[in-house]
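Read off the chains here:
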Amino acid sequence: MWNLKCYYSPGGDKSKAQETYNRGSDELKAAFDVEAEYLLKSPKDDWKRPHAAKLSKGKKGDFKEYYEIRFFADNTQQRPIGYFGPGENDFTILIWATEKGNQLKPVTWRDRADNARENIEREASYAKPFIDDE
């Protein structure tokens, strides 16, 4: 149903989200793979807890339809954050965040996600397929 993509910065051949996955532990990869497999086959209306959550609070009033994929690995709440786009059947991870004490890290995740999305909206080629390196 959905194609999984991730953000590659302009002029770069690397994606921080892809690198987080590639360099992650076997536990992190397995936990992400389970959630991704479920979510990528699910309609957008089913992207809710415990597997995902639409982010809805913030100083700017909304999170531009941002969603977090929710899972626990390496003693940490993992929260890859993305949105449905740029293509009709795409979900693109913009930033790989973590959560502790109901706070997303990095604290600048929103600015980074907004910047990545703006770059993708200008040039869709910044959203490239997510690759499971196994």
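Our structure is the block above this text.
These lines cover the structure that appears in this document, whether it is placed above or below. (Residues numbered from 1 in each chain as written. Predicted model: local features only at pLDDT ≥ 70, side-chain atom pairs only at ≥ 80, totals over all residues. Heavy atoms only, no water.)

So, on to the environment of Ser 125. Locating Ser 125 in the fold gives a position in the loop between helix H3 (109–122) and strand E8 (127–129). On the basis of relative accessible area, Ser 125 is assigned to the partly exposed category, the value being 40%. (Helix = DSSP H or I, 4+ residues; strand = E, 2+ residues; numbered from the N terminus. Buried < 20%, exposed > 50% of the residue type's maximum accessible area, 1.4 Å probe, protein only.)

Moving on, we come to the pairing of strand E6 (residues 90–100). E6 sits mainly inside the fold: nine of its eleven residues count as buried. The sheet contact formed by strand E1 (residues 3–7) and E6 spans four bridges and is parallel. Looking at the pairing, Cys 6 lines up with Ile 93 of E6. Judged from the eight bridges that link them, strand E5 (residues 76–84) and E6 form a sheet pairing that is antiparallel. Along E6, the bridge assignment pairs Pro 80 with Trp 96. What sits between the antiparallel neighbours E5 and E6 is a turn of five residues, in which Gly 85 has the positive phi angle 155 degrees. Pairing between E6 and strand E7 (residues 103–105): three bridges, direction antiparallel. In the sheet register, Thr 98 faces E7, and the bridge partner there is Lys 105. Where E6 folds back onto E7 in an antiparallel hairpin, the turn is made up of two residues, including Gly 101, whose phi is positive at roughly 60 degrees. (Pairing = 2+ DSSP bridges.)

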